Amino acid sequence: GAWQGPLGAAKDFEVGFIAIESKALRGSARPIIAISSEYQLDTAGMDSLFLHVIDVAPALSADEDAVTLTDVARRIQAVLRAADENAALAFDDRLMAAGFDWEADYSDFQWIVGDHRLYLVEDMFPKIEAGVIATGVSNVNYELDLNSCSDYLVANDVLAVRLKGIRE
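Residues numbered from 1 in each chain as written. Predicted model: local features only at pLDDT ≥ 70, side-chain atom pairs only at ≥ 80, totals over all residues. Heavy atoms only, no water.

S.K.: Explain the sheet that holds strand β1 (residues 13–15) residue by residue, including any values.
M.R.: One open sheet holds the 4 strands; their spatial order is β1-β2-β4-β5, and the pairing between them is mixed. Taken across any chain shown, the strands that pair with only one partner, and hence form the sheet edges, are β1 and β5 (111–120). Ignoring which end each strand starts from, the neighbouring axes of this sheet average 20° apart. Sheet analysis places β1 next to strand β2 (residues 18–26), joined by 3 bridges and oriented antiparallel. Across the sheet, residue glutamate 14 finds its bridge partner in β2, namely alanine 19. (Pairing = 2+ DSSP bridges. Helix = DSSP H or I, 4+ residues; strand = E, 2+ residues; numbered from the N terminus. Axes fitted to C-alpha atoms, helices over the stretch in contact; angles between N-to-C directions.)

Take a look at the structure:
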């Protein structure tokens, strides 16, 4: 499966030489996301690297559009099961590796899912890469201000086109 993050991969999703790092942006005045290593936005060895950011906000308990982690997992599981039972089983394995428990009660944490943005990480995209930091420096954590990334916004079809032309 493409979801590699729970298995310790540097990027969340990898398909061939295309990777997607996915982040949730919890409503705040400043659009800042946390980057947890010098490898997350490192383009070395990749044909394309995308940063996917989705807006989420805590929901009021009465909000009809609210979803829990379990709701999202069930929806994805249903789609995968309808398409490919092996993919559904692999998804279950990744969920467990990420610490998800089907029996757990996640209802205290309900979210409203908002807009999403897709960035193509290339050229001068603001990032720290493993190959350009001093030897001996590792486990780099930093914040990325999405306001400085607007020149790299792309439409979803850019990702779709690149995935169609994938090389293994």
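S.K.: Please set out the packing of aromatic side chains residue by residue, giving values where relevant.
M.R.: As enumerated under the stated definition, the model contains 4 aromatic pairs in all. Between phenylalanine 125 and tyrosine 152, the ring centres sit 5.2 Å apart and the planes meet at 70°, which makes this aromatic pair edge-to-face. In this pair, phenylalanine 125 is assigned in the loop between β5 and β6 (142–145) and tyrosine 152 in the loop between β6 and α3 (156–164), connecting sequence segments 27 residues apart. A relative accessible area of 3% means that phenylalanine 125 is categorised as buried. Each member of the aromatic cluster is reached from another via a ring pair, and the members are Phe100, Trp102 and Tyr106. (Phe/Tyr/Trp six-rings, centres within 6.5 Å; stacked < 30°, edge-to-face > 60°. Buried < 20%, exposed > 50% of the residue type's maximum accessible area, 1.4 Å probe, protein only.)

By themselves these figures say nothing about function.
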